[in-house]
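Single-letter residue listing:
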There are 2 protein chains.
Amino acid sequence: MYQSFETPSHDHGAARLADLRAEMARRGLDGFIVPRADAHQGEYVPVRDERLRWLTGFTGSAGQAIAMTDRAAVFVDGRYTIQAAEQVDADAFETVAIAETDPGAWLRAAAGEGDVIGFDPWLITPAQRESYEKAAHAVGASLRAEADNPIDAVWPDQPPAPMGSAEVHPETLAGTSSADKRAMVAGALDEDDLDAFVLTLPDSINWLLNIRGGDLSHTPVMLADAVLHRDGTVDLILDLEKLDDAVRTHLGEGVRLHDTPRFLPLLSELKSARVGLEKASVPVIVETTLREAGAEVVWRRDPCILPKARKNPTEQAGARAAHLRDGAAMARFLCWLDAKAPKGTLKEIKVAKRLEQYRNETGKLRDISFDTISAYGPNGAQPHYRVSRETNRVLEGGSLHLIDSGGQYRDGTTDITRVVAIGTPEARHRRAFTLVLRGMIAVSRARFPEGTTGVQIDTMARMPLWSAGLDFDHGTGHGVGAYLGVHEGPASLSKRGTVALEPGMILSNEPGYYREGDFGIRIENLVLVTPPAVPEGGEREMLGFETLTLAPIDLRLVDPALMRDDEIAWLDAYHARVYDALYPLVDETTRDWLERTTAKVAEFG
Amino acid sequence: MYQSFETPSHDHGAARLADLRAEMARRGLDGFIVPRADAHQGEYVPVRDERLRWLTGFTGSAGQAIAMTDRAAVFVDGRYTIQAAEQVDADAFETVAIAETDPGAWLRAAAGEGDVIGFDPWLITPAQRESYEKAAHAVGASLRAEADNPIDAVWPDQPPAPMGSAEVHPETLAGTSSADKRAMVAGALDEDDLDAFVLTLPDSINWLLNIRGGDLSHTPVMLADAVLHRDGTVDLILDLEKLDDAVRTHLGEGVRLHDTPRFLPLLSELKSARVGLEKASVPVIVETTLREAGAEVVWRRDPCILPKARKNPTEQAGARAAHLRDGAAMARFLCWLDAKAPKGTLKEIKVAKRLEQYRNETGKLRDISFDTISAYGPNGAQPHYRVSRETNRVLEGGSLHLIDSGGQYRDGTTDITRVVAIGTPEARHRRAFTLVLRGMIAVSRARFPEGTTGVQIDTMARMPLWSAGLDFDHGTGHGVGAYLGVHEGPASLSKRGTVALEPGMILSNEPGYYREGDFGIRIENLVLVTPPAVPEGGEREMLGFETLTLAPIDLRLVDPALMRDDEIAWLDAYHARVYDALYPLVDETTRDWLERTTAKVAEFG
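Residues numbered from 1 in each chain as written. Chains lettered and ligands numbered in written order. Predicted model: local features only at pLDDT ≥ 70, side-chain atom pairs only at ≥ 80, totals over all residues. Heavy atoms only, no water.

Undergrad: Pulling in residues and values, what's your account of the sheet that holds strand 15 (residues 365-368) of chain B?
TA: Residue and element names in this part refer to chain B. Strand order in this open sheet of three strands is 15-18-19, and the pairing throughout is antiparallel. The sheet is open, and its two edges are formed by strand 15 and strand 19 (412-413), each paired on a single side. Set on the sheet, helix 14 (residues 313-340) makes contact with strand 18 (407-409) and strand 19; between it and strand 18 the angle comes to about 130°. (Pairing = 2+ DSSP bridges. Helix = DSSP H or I, 4+ residues; strand = E, 2+ residues; numbered from the N terminus. Contact = heavy atoms within 4.5 Å. Axes fitted to C-alpha atoms, helices over the stretch in contact; angles between N-to-C directions.)

Undergrad: Go over a positive patch on the surface, please, and point to the residues and values.
TA: Residue and element names in this part refer to chain A. Taken together, the side chains of Lys340, Lys343, Lys350 and Lys353 define a basic patch exposed on the protein surface. With respect to the helices, strands and loops of the structure, Lys353 is situated in helix 15 (residues 348-360). Given a relative accessible area of 33%, Lys353 falls into the partly exposed group. (Patch = residues over 30% accessible without salt bridge, like charges linked within 9 Å, V, L, I, M, F, W, Y side chains within 5 Å. Areas by Shrake-Rupley, 256 points an atom, 1.4 Å probe, with all protein chains shown as cover. Salt bridge = Lys/Arg side-chain N within 4 Å of Asp/Glu carboxyl O. Lys, Arg positive; Asp, Glu negative; His and termini not counted. Charge placed at Lys NZ, Arg CZ, Asp CG, Glu CD. Buried < 20%, exposed > 50% of the residue type's maximum accessible area, 1.4 Å probe, protein only.)

Undergrad: Break down the interface of chain B and chain A for me, with residues and values.
TA: Listed per partner, the contact involves 32 residues of chain B and 32 residues of chain A. Here chain B meets chain A over a buried area of about 2600 Å², counting both sides, of which 51% is carbon and sulfur. On the chain B side of the contact with chain A, Gln456(B), Trp466(B) and Arg540(B) bury the most area, a combined 24% of that side's loss. Summed over the shared surface of chain B and chain A, the result is six salt bridges. Salt-bridge contacts for Arg515(A) lead to Glu539(B); the nearest nitrogen and oxygen are separated by 3.0 Å. Counting across the chain B and chain A interface gives 14 residue pairs in polar contact (both at pLDDT 80 or more). If one sorts the elements of the side of chain B that touches chain A by residue count, helix 17 (residues 454-467) of chain B sits on top with eight residues. (Buried area = accessible area lost by both parts, 1.4 Å probe. Polar contact = N/O pair within 3.5 Å; in protein donor to acceptor, adjacent residues only side chain to side chain.)

Undergrad: Go over the domain arrangement of chain A, please, and point to the residues and values.
TA: Residue and element names in this part refer to chain A. Once the domains are mapped, chain A shows domain 1 (14-154), domain 2 (167-308) and domain 3 (310-449 + 468-487 + 502-534 + 549-603). Taking only C-alpha atoms, the centre of domain 2 and the centre of domain 3 are 36 Å apart. Contact residues are listed per partner, giving 22 residues for domain 2 and 20 residues for domain 3. Note on domain 2 versus domain 3: buried area summed over both sides is about 1600 Å², and carbon and sulfur give 48% of it. Of all residues in domain 2, the largest losses of buried area upon contact with domain 3 belong to Leu173, His218 and Leu306, amounting jointly to 38% of the total for that side. Our count for the contact surface shared by domain 2 and domain 3 stands at two salt bridges. The partner of Glu167 in a salt bridge is Arg366, and the shortest N-O contact between them spans 2.9 Å. Connecting domain 2 to domain 3 are 13 residue pairs in polar contact (both at pLDDT 80 or more). Within the residue set of the side of domain 2 that touches domain 3, elements represented by two or more residues are strand 7 (167-168), helix 7 (171-174), helix 9 (202-209) and helix 13 (305-309). Considering each element in turn, the side of domain 2 that touches domain 3 owes the most residues, four residues, to helix 7. Considered class by class, the residues forming the side of domain 2 that touches domain 3 number nine nonpolar, eight polar and five charged. (Domains from an automatic or database assignment. Nonpolar A, V, L, I, M, F, W, Y, C, P; charged D, E, K, R; others polar.)

Undergrad: How would you sum up the relation of the copies chain B and chain A? Please name residues and give values.
TA: By a simple turn and slide, chain B fits onto chain A: the slide is 0.1 Å along the axis, the RMSD is 0.0 Å, and the turn is 180°. One copy is carried onto the other by what is essentially a two-fold rotation axis. By C-alpha distance to the rotation axis, the residue of chain B lying nearest is Gln456(B), at 2.8 Å. The share of interface residues of chain B whose copies in chain A are also at the interface is 100%, consistent with both copies meeting through the same surface. (Least-squares fit on C-alpha atoms with pLDDT ≥ 70 in both.)

Undergrad: So, the pattern of salt bridges: which residues are in play, and what are the values?
TA: In a structure, side chains of opposite charge can pair up when their charged atoms sit close to one another. Summed over the entire model, instances satisfying the criterion amount to 89 salt bridges over all chains. Between Arg144(A) and Glu146(A) there is a salt bridge, with the nearest N and O atoms lying 2.9 Å from each other. Of the residues examined, Arg144(A) reaches a relative accessible area of 31% and is grouped as partly exposed. Judged by relative accessible area, which is 7%, Glu146(A) ranks as buried. With a shortest N-O distance of 3.1 Å, Asp518(B) and Arg515(B) are connected by a salt bridge. Taking relative accessible area as the criterion, Asp518(B) reaches 15% and is therefore assigned buried. Take Arg515(B): its relative accessible area is 35%, and that puts it in the partly exposed class. Connected through shared salt-bridge partners, Glu23(A), Arg26(A), Arg27(A), Arg144(A), Glu146(A) and Asp148(A) make up one network.

Undergrad: So what's going on with the sheet that holds strand 20 (residues 416-422) of chain B? Which residues, and what values?
TA: Residues and elements named next belong to chain B. Strand order in the open sheet formed by three strands is 16-17-20, with antiparallel pairing between adjacent strands. Each edge of the open sheet carries a strand with a single partner, namely strand 16 (373-376) and strand 20. This sheet shows a mean twist of 10° between the axes of neighbouring strands, independent of strand direction. In terms of strand pairing, strand 17 (residues 399-405) meets strand 20 through seven bridges, oriented antiparallel. Directly across from Ile403, in strand 20, lies its bridge partner Arg418. The strands that helix 15 (residues 348-360) touches are strand 16, strand 17 and strand 20; relative to strand 17, the one it contacts most, it runs at about 40°.

Undergrad: Lay out helix 9 (residues 202-209) of chain B in plain terms, naming residues and giving numbers.
TA: Residue and element names in this part refer to chain B. When you tally the buried positions in helix 9, you get eight out of eight residues, the bulk of the element. Listed as buried for helix 9 are Pro202, Asp203, Ser204, Ile205, Asn206, Trp207, Leu208 and Leu209. Immediately beyond the C-terminal end of helix 9, within one or two residues, lies Asn210, with a positive phi of roughly 50°.

Printed below as a string of structure tokens:
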């Protein structure tokens, strides 16, 4: 299993906070900032870097703590307020909703004149430091970088850094050689008159070098740092034991290898160079090291992010193949669920395990792309629910089961959500499902001119819900990598989506509806932005979406009376495509099931 | 007539440029910047301030010129490139499309080391100065403020400043007393710790003081400057002869009156105060005078703009009354047009005049709200077309007539566009009209949560066109004032619309389609943002739009086969409302016409 359903017990909050405070006192610190981050600012971090979790018990994917000598707080966003309150020892830590009090505001109240607040310059970005500095200075306090993290000093059994083996991501899958990518990105540096760019985001480095790795759960990256030079060569810095001969040969002469401790000395050699850094993701220590060496620091977006998001034809073909394979596993799973659910004894964990099993049986699964959300009834109303032994609900019937999951295959990353009626759905389930589906279809069918941004597409997904006085409190979609992160920038379909959509980008299309304490709905397909083409009878080129995900949408939950003819036509055509694509790939039982579940809306029932 | 159809002849470009250059030489200037602006940065400027037009012949509503000793250029946006090329003497001035070369880039090429570029600090904003300064400094040139404009020195028959009489805008129309408005805005200054705010936008001052005036065409404002203080009192600076006793009594003790020359001395008295200015609209001389006096300048948005945009219930009722009156005039006009057009002899100017006549015959028209766009066939394909004696096309039949117009009434400002089939429309006309109409209807019916911005609504208007490979190159809508500017911020329905829509805002809803050399379509209603309410069967409060404009939409141009049932239902309901509202207000002939033209779609023909 790639997923664990254990809830880590944690009642060490007060003791560990006391240990940290003792260490702070030894160093003359009045406060210390503990982000949920490693030096690469990714969504997943190695266990060694789970300092926030070790200290506070909080296991969410975003958050931070600040410990002062007399107060301490854990800051979380709206997704995690309930979870944090459950996991964190309230006697030791306040749990603070970041929308109400941001860490800066809290610091202004908690810190005083002359206080010294420590932070780890590997874990904090220049953008974050600026905001902490502003708060500290407002009350006469100051920040101090602690390059050896005080938590590491008091965490006796802290695990070592991960040592996953790197592997070549061959050109047959990547579509473009690393040399070509390096030349292209270096060309952009040259145009911008930059001598070098320091890359610290694993996705960027793995994409640029056509490498993958095994350092993290669910995201197949090798953790490393890199300096891309104007001449297209790269200094790659990592624990060199991760690299076997095949990888070394693949990297070739254009990539110079350095062991981890050489990172800062290498930066110091960039004196008098003009060096690009990404303010929102680079560690503070990279900036300060460069400035001390006399380099000119220039804030820029990581130059790999946009070309990485535009998948080339090989990556697009890989995504189609991965989704076909994944769709067959999903069909097997959904068929199994329909057969077993009527007993009323299935539980959420069992369902998640079975889906992972079927994905595994494709023989191609490298990992799941995130912990599966297997959520029955009221549990589905929490958009970010993760099942554990304690919450493991029985699918007893009369409500909906929501399953949001994905696979990491070498040719592509998948992410799909389906909602299944367990027993006979009620009118309110069907109405909400149909409204969400109409938004999902509107995005699937969208045509839009070049320059259109995600906020514009996001509107299309919400219009049917808004008209009915409903809405959902997350974005409509996120970018998805090519055997990389299942969440990838720069584009998103959301109110904050200000980046233009470009051909080759892969995004999720996942509107939802959540009724607290009752049920939740989310319907998710991945879509690929198609090249400009003039629609029939039109005059201007428009982009559009090709739907990649292939799996039936539960027609028991569709109320055709609430749909328009053109929407029903889309759904019928999608199901015909799903049938044709998956039929050859599944067993006899699943074929029968597929035939029933991909019927035309007018003929279903 | 409020509109003139004469094309000003202009062949003085070279001679006037020579005069300006001679004046520049006398002052030691190597260049001079000539914006199309007065000291209040409005859309309409007094003739006295039409310096760009006097110098270059260009009559558009936006643009600027730069004269160097050996080169000179007129800069215009995409709307005006053709018009400028026709109006400007190409031997004297280059015509430059601002999207290709902005004035800064041109200046970098045209100016050299040591050059002194003059500008009028009353006509340039600090934001504009910054961008000019950057360009000048890049080539070693410098800017110099010339408080007495060199053009005025060589313009022998320059008209005087306008002296329209001010009038009270009574509380029965304004809904809120000036004292209450001043207290409310002053409260916002106090919260922001500002001692005063310098107001230079006429709309803001006229709104704040419940005054209107007659200094400009089409916008009923009194030109003035004002300083609002933290205590809610105002220093009002203008030519005092504009004010009669009634206005002086209305203004009362809280408003101190000062003649125009006292403006700068008054600012100088604000030493050591914290003074708010709007960087994008205040004249540079206001900033420099304050700084020289020792005041602290704080850049803020003009604090009147947002409260002015939220129309109160009295203003909303006024808008409804104005639209009812205007709708009756429109119905009379459209009925007349349908009767006269078949002769094939009507011309665009005649059509515009007749519409103004009918508006005038309401007995309530104070002005038209902008020069009417009366555009037949290919002329309609220019979104900003203005008919003149030279372009005055015959409505010969077989194409479409587009008429975009509005009235200024004391209770409200209107703005409406209708497109009328002249003769029998062809399928391509009906298809395009129906697609535009569907976008217009989508906006009319929109429901959306608080916080939704114009860019999100703009998408709704474009979706039917995008799906067909069509689009239009202007925003979907602009804010509209209450007997003030027909174009008003801060909200807009456009790709740049980042301001949240709020209840009480009035906006236009005017998608279009333009086929160059053939025909143009724009269908425009004004809409009022309605208060939050939970739609039936819903859970969350949504805002929406109430359509204010009342006039039939030409059903001869509607292809019901291209519409959805719910869209047809909206159109039928709108027409039923138009019929009920206008029937009591129009003559017998118009009643018969109204009955035919507001028929249900299924029964029309």
